[in-house]
Amino acid sequence: MARNFKGGIIMLKSKRINFSPVSEEDIEWLRENRNKHKDSFFDAGEISIDQQKAWYGRYKESATDNMYIATLKSGDKIGTIALYNIDIASRTATLGRVLLLEEYRGYGYAEEMVRTMLRVAFEHIRLYKVKVEVHIDNINAIAIYARSGFKSITRPIQLLEATNPNYDRKKPLVIGSYDNLSESGYESQESNIMEGND
């Protein structure tokens, strides 16, 4: 399953959530919800349908980026989550693009989404480290990442600016790292990975 993750796993399931790989049919839903919550993203500008389509084209060609639509068992789309910058050689990735629609907040769905992705990263892709970057004023997200096992690490502002030209000094980031799944006590029965072929 660690080869091309996009081609090897088509559906992820946790206790309450199904995760489907982002598809072309999701483009407008992604754009609408991304624009509605643009202040939560590092590049806070509004995006057009053409920009979203261009992003999807690049995403589809990337073997290092796996993004999912989170859907309740009822079929309601509740958000997104991704593992990207997947580097099999160094066994690392970044967890991000976590978006939970407002009406589904406060029920533990975001933490369930994060823990499911960590399980995929460590148990199925066989990564050693997953990183996360979050705005310092996003207290709820920081709490979710901390409960899920991420540890805060510091990073100089100069390096942030070098790696992200759109970095806003007014919104410093908290950089976190998760090195070992077993530290969280996450139970393997909590999510179910289903293999499939594209």
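Further up the page is the structure itself.
Being a predicted model, the structure only gives us computed values, none of them experimental. Throughout, a residue's number is its position along its own chain's written sequence, starting from 1. At least 70 in pLDDT is required for a residue's local features to be given in this predicted model, at least 80 for side-chain atom pairs to be given and counted, and no such filter applies to totals for whole chains, interfaces and linings, which use all residues. Side-chain numbers come from the whole structure's heavy atoms, not from hydrogens or water.

A. A look at helix α3 (residues 49–61). Taking 1.5 Å of rise per residue, 13 residues should cover 18 Å, and α3 covers 19 Å from first to last C-alpha, within 8% of that figure. Burial here depends on accessible area, computed with a 1.4 Å probe over protein chains only, as a share of the maximum for the residue type. Under 20% is buried, over 50% is exposed, and the range in between is partly exposed. Only runs of H or I of at least four residues qualify as helices and only runs of E of at least two qualify as strands under DSSP, and these elements are numbered from the N terminus. Every buried residue belonging to α3 is among Gln52, Trp55, Tyr56 and Tyr59, and all of these are buried. Buried positions in α3, seen along its axis, are confined to an arc of 100° and lie on one side of it. Projecting away from the buried face of α3 at angles above 90 degrees are the exposed residues Asp50, Arg58 and Glu61. Under the convention used throughout, the expected extent of a helix is 1.5 Å for every residue step, that is, one less than its residue count. To be clear, the arc concerns the directions from the helix axis to the C-beta atoms.

B. The packing of aromatic side chains, seen in detail. Side-chain rings of Phe, Tyr and Trp, where Trp is taken by its six-membered ring, are said to pair if the distance between their centres is within 6.5 Å; with planes under 30 degrees apart they count as stacked, over 60 as edge-to-face, and otherwise as tilted. Applying the stated rule across the entire model yields five aromatic pairs. Here the aromatic rings of tyrosine 56 and tyrosine 59 are separated by 6.0 Å at their centres, their planes lie at 40°, and the arrangement is tilted. Here tyrosine 56 and its partner tyrosine 59 are both found in helix α3, three residues apart, which amounts to about one turn of the helix. Taken individually, tyrosine 56 and tyrosine 59 each receive the classification buried, so the pair is uniform in this respect. A ring pair is formed by tyrosine 104 and tyrosine 109, whose centres lie 6.5 Å apart and whose planes are at 65°; its orientation type is edge-to-face. Taken together through their ring pairs, the aromatic side chains of Trp55, Tyr56 and Tyr59 make up a single cluster. Lysine and arginine charges are scored as sitting over a ring when NZ or CZ, respectively, is within 6 Å of the ring centre and within 35 degrees of the ring normal. A cation sits over an aromatic face here: arginine 91 above tyrosine 128, 5.8 Å from the ring centre.

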